[in-house]
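A closer look at the structure
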Amino acid sequence: MRIRLRQVLTHRLFWLPFGALWIGGCVTDLQFRDFMVSTAVRTFWQTVATAFQAAVVDALG
């Protein structure tokens, strides 16, 4: 059962209905890890920038 679930989840056609075929495009574990790390870093800095922008807007009125 576990092997079958992994096969289904790693099959590229599984991701198509979710509009997330780009995740299925990660062929190796290294590519997937790089994708997740870059997404986490980008999300972190976007959050910091949003907080900074909100503080500036609040300070300027």
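Please refer to the structure placed before this passage.
These remarks concern the structure in this document. What you see is a predicted model; the values in this text were computed from it and never measured.

**Points about the overall build of the protein chain**
- When you go through the protein chain residue by residue, the secondary structure sums to four helices and zero strands.
- Across the protein chain, helices and strands are ordered from the amino to the carboxyl terminus as α-α-α-α.
- Burial analysis of the protein chain (61 residues in total) assigns 5% to the buried set.
- Approximately 5,600 Å² of the protein chain is accessible, and the part contributed by carbon and sulfur atoms is 69%.

**Looking at helix α4 (residues 29–60)**
- If you check α4, its first and last C-alpha atoms are 46 Å apart, about what 32 residues at 1.5 Å a residue would give, namely 46 Å.
- Just downstream of α4 lies G61, where phi reads positive at about 105°.

Basis of the calculations
- Residues numbered from 1 in each chain as written.
- Predicted model: local features only at pLDDT ≥ 70, side-chain atom pairs only at ≥ 80, totals over all residues.
- Heavy atoms only, no water.
- Helix = DSSP H or I, 4+ residues; strand = E, 2+ residues; numbered from the N terminus.
- Buried < 20%, exposed > 50% of the residue type's maximum accessible area, 1.4 Å probe, protein only.
- Areas by Shrake-Rupley, 256 points an atom, 1.4 Å probe, with all protein chains shown as cover.
- Expected span 1.5 Å × (residues − 1).

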